Amino acid sequence: MSMPIELVRQLTEEQIAFIKRTDLKAEVLEPGFVRLRMPLAGNQNHIGSMYAGALFTLAELPGGALFLTSFDVQHFYPIVKEMNLRFRRPATGDIWVEARLSDDEIERLQSQASSDGKAEFTLELQLTNAAGEVVAESVGLYQLRKH
């Protein structure tokens, strides 16, 4: 059983103090789908574009948000095994990321983690600006583990 959406929102935006300081917003939290936004305000670097660490945070967090909306949190927990980020252009405004897992993939991962103790999945994501331009691309390897 996944968690109530407002609790997921609170955990996504506020549970980790570092993320809370960025003012990241979970705009959509649904089973199998999340959309997150990182504001430029407060997350600028020395030249006024978005700080690389803020972009990395935005790229990494969807794995956890998808976990909270899609998986049985009483039986599983997620970890990040590997994360790569490729910067494409300066992020000079708010940045969005969307991530999806199909119902079949969610079921497959839970089934495998139940029987093997763990299951891996990859999220390949694009971080985009308000015009829909890709500012960064990420590849994250996550693992669902059985408690």
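Residues numbered from 1 in each chain as written. Predicted model: local features only at pLDDT ≥ 70, side-chain atom pairs only at ≥ 80, totals over all residues. Heavy atoms only, no water.

The name given to the protein chain in an unreviewed UniProt entry is YiiD C-terminal domain-containing protein, and the organism recorded there is Ectopseudomonas mendocina.

Participant: What is the right way to read the environment of glutamine 126 from this model?
Facilitator: As for its position among the elements, glutamine 126 is in strand 5 (residues 118–128). It is 13 Å that separates the C-alpha atoms of glutamine 126 and alanine 91, two residues lying 35 residues apart in sequence. If near-sequence neighbours (up to four positions away) are discounted, glutamine 126 is found in contact with Trp96, Val97, Val134, Ala136 and Glu137. (Helix = DSSP H or I, 4+ residues; strand = E, 2+ residues; numbered from the N terminus. Contact = heavy atoms within 4.5 Å.)

Participant: I'm lost on helix 4 (residues 103–116) in this one. Help?
Facilitator: Residues three or four positions apart in an α-helix share a direction because the helix packs 3.6 residues into each turn. Counted at 1.5 Å a residue, the expected span for helix 4 with its 14 residues is 20 Å, and the 20 Å between its end C-alpha atoms agrees. For helix 4, the complete set of buried residues consists of Ile106, Leu109, Gln110 and Ala113. Down the axis of helix 4, the buried set is contained in an arc of 95°. They therefore lie on one face. For helix 4, the exposed residues lying more than 90 degrees away from the buried face are Asp104, Ser115 and Asp116. The positive-phi residue at the C-terminal boundary of helix 4 is glycine 117, with phi of around 90°. (Expected span 1.5 Å × (residues − 1). Buried < 20%, exposed > 50% of the residue type's maximum accessible area, 1.4 Å probe, protein only. Arc of directions from axis to C-beta.)

Participant: Got a minute to help me understand the sheet that holds strand 1 (residues 25–30) in this structure?
Facilitator: Within a sheet, each strand pairs with its neighbour through backbone hydrogen bonds, oriented either parallel or antiparallel. The strand order across the open sheet formed by six strands is 1-2-4-5-6-3, and the pairing between neighbours is antiparallel. Every other strand in the sheet has two partners, leaving strand 1 and strand 3 (76–87) as the edge strands with one partner each. With strand direction ignored, the average angle separating the axes of adjacent strands in the sheet is 20°. Note: strand 4 (residues 95–100) against strand 5, two bridges, orientation antiparallel. Bridge pairing links valine 97 to leucine 127 in strand 5. Here helix 4 sits on the sheet and contacts strand 3, strand 5 and strand 6 (134–146); the angle it forms with strand 5, its principal contact strand, is near 145°. (Pairing = 2+ DSSP bridges. Axes fitted to C-alpha atoms, helices over the stretch in contact; angles between N-to-C directions.)

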